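# Remarks on the overall topology
If you want the building blocks of each chain, they are given just below.
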Amino acid sequence: MKIFLVGMMGSGKTTLAKKISKVLSIPYIDIDEEIEKNENLKIKDIFERYGEEYFRKLENDILEKLAENTQSIVVSTGGGIILNAKNRTILKKENAIYLSVAPEKLKDRVSLENRPVLANNKENIIKIYQDRKELYEQFKTVDITNLTEWESVAKILYQYDIKNDAEIDSSFQKVSINAGSLKSLPPDSIVFTSEKVNELYGEYLPQKKLVLPNGEKTKDISFVIRAYEYLLENNVSRDNLLLGIGGGTITDFTGFVGSTYKRGMNFSFYPTTLLSQIDAAIGGKNGIDFKKYKNVVGTINLPKEVIIDPLSILSLNDETFIEGLIEGYKMALISGNDFYEYFKENMHEILNRNLYKLSFFIKRSVEEKLRIVEQDFKDTGLRSCLNLGHTLGHTFEAATGIAHGLSVGWGLIKEIEFFYKKKYLEEKEYLEIKDTLETLVPEKVKNIQIEEKDIYYYLSNDKKIGANQKIKMPILKAPGNFIIEKIKIKEGEIF
């Protein structure tokens, strides 16, 4: 696969090409950097010494060589490469992508350093943009004006046919991994999705779609009523297929509505956050919030299938992505053996969102959760092990309002400290796990100061606590080795 990025200076071609290189495990080439390396001169010095025509010839020579190259590469081209008709012909054959950014934003972003065509005046970028706009628009266009870097990466890669498919090994719930699956949705289905997903992928969604607000506020009875109204207005029957496309909020919501509309209709999930792909969409729990109580109204009902698109999670902001990684690491701790070792060995590539390492991480996380849920579908015993990190994590979430996945990260840190103090966990494993969590959990979460009395207040009101003030809790003795016991946490044992 070859990916060529074209666009104005300041559009982010170099930054995005570097990210794509890490995602796809393919070499990254910046044509301007290649020219500087070959000539041992900065671009501005080449312009001053030899003129623009000479520079354009060098640019064309490198582009021709790259086009002849058969290996997979991602290429960041220079802003003026499209001025040459021969270059445009080559780039069209290579299905180059034009990264469109509004000129005012370009002016804010661009640096004058090593930009000879700007002649030390940022205002010149507006005229250059206007002069080149028609040439750029001859290429397939992705407007990234209002997108983050990771959202831009996801949108770019969605323009290509990237193969990364796998079936999850489970007879309990049908789950598959299919890169780019949002481009091939069942055309006659009805979609529930979020504003953010619609913004990024709306062009691929069927016409019948209900777009809901981002975040937890969607899981309110008022939106459930709106969903029922929408389904009735569109004459939706039990035999129609309802798709939940979004994060855990959307899959929880879709599963609840799908389970209750006309006593249950067909529904499937396309989870688009890492946390929803390995947790919320897996195992059959669906629900909404009521009177500020999370998931207090719900069903346990499996979707027809879950289709996981690993490309969609490339668009996540760092904190939302880390939420999913923490949940997956929890699954690796529960699983132990090969999954735990895999995460340790590949953590940094997963953090860089390498598509292939990430997909395997998702696959193993899902398989591990399904293995547990299949043995305890109604959540009466073994499934409690999935609460690792959640006992203290929930108290932290309630006291601080920090996002669930990050709160679980804090909970894992405090729980493994507790297990070590109580001699459940050996020092070697404790230090190893602590080191990993120090890398995963953001500093701003670890540094939050919280009163111990607040922890015990929320802990004493936990739904899992018994009359004797003992709480049912999974206790990690080593990766892959845990017990579930009722224990009493005393003041002074957490901090």
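I will try to describe carefully the structure that is included in this document. (Residues numbered from 1 in each chain as written. Predicted model: local features only at pLDDT ≥ 70, side-chain atom pairs only at ≥ 80, totals over all residues. Heavy atoms only, no water.)

Here we take up the overall build of the chain. Per the secondary structure count, the chain includes 20 helices and 16 strands. The C-alpha radius of gyration of the chain comes to 26 Å, within 12% of the 23 Å expected for a compact globule of 495 residues. Seen through its principal axes, the chain has C-alpha atoms that stretch 85 × 60 × 40 Å. Residues classed as buried in the chain amount to 55% of the 495 residues present. Within the chain, counting contacts between residues at least 6 apart in sequence, those at least 24 apart form 71% of the total. When the accessible surface of the chain is totalled, it reaches about 22,100 Å², and 46% of it is carbon and sulfur. Averaging the positions of the 70 positive and the 73 negative side-chain charges in the chain gives two centres separated by 3 Å. (Helix = DSSP H or I, 4+ residues; strand = E, 2+ residues; numbered from the N terminus. Rg over C-alpha atoms; globule rule 2.2 N^0.38 Å. Buried < 20%, exposed > 50% of the residue type's maximum accessible area, 1.4 Å probe, protein only. Contact = heavy atoms within 4.5 Å. Areas by Shrake-Rupley, 256 points an atom, 1.4 Å probe, with all protein chains shown as cover. Lys, Arg positive; Asp, Glu negative; His and termini not counted. Charge placed at Lys NZ, Arg CZ, Asp CG, Glu CD.)

To continue, consider helix H4 (residues 52–68). Over its 17 residues, H4 runs 25 Å from end to end, which matches the ideal 24 Å to within 8%, given 1.5 Å per residue. Within H4, burial applies to Phe 55, Arg 56, Leu 58, Glu 59, Asn 60, Ile 62, Leu 63 and Leu 66. (Expected span 1.5 Å × (residues − 1).)

As a further point, take the pattern of salt bridges. Considering all chains together, one arrives at 34 salt bridges under this definition. Notably, a salt bridge pairs Lys 219 with Glu 216, separated by 3.5 Å at the nearest N-O pair. Residue classification places Lys 219 among the buried residues on the basis of a relative accessible area of 3%. In this structure, the salt-bridge partner of Glu 367 is Arg 364, at a minimum N-O distance of 3.6 Å. Residue Glu 367 and its partner Arg 364 are located together in helix H15 (residues 355–375), separated by 3 residues, close to a single helical turn. Of the two residues, Glu 367 and Arg 364, both sit in the buried class. (Salt bridge = Lys/Arg side-chain N within 4 Å of Asp/Glu carboxyl O.)

In terms of strand pairing, strand E12 (residues 285–290) meets strand E13 (residues 293–300) through 5 bridges, oriented antiparallel. Paired with Lys 285 across the two strands is Ile 300, which belongs to E13. Joining the antiparallel neighbours E12 and E13 is a turn of 2 residues, in which Lys 291 adopts a positive phi near 50°. (Pairing = 2+ DSSP bridges.)

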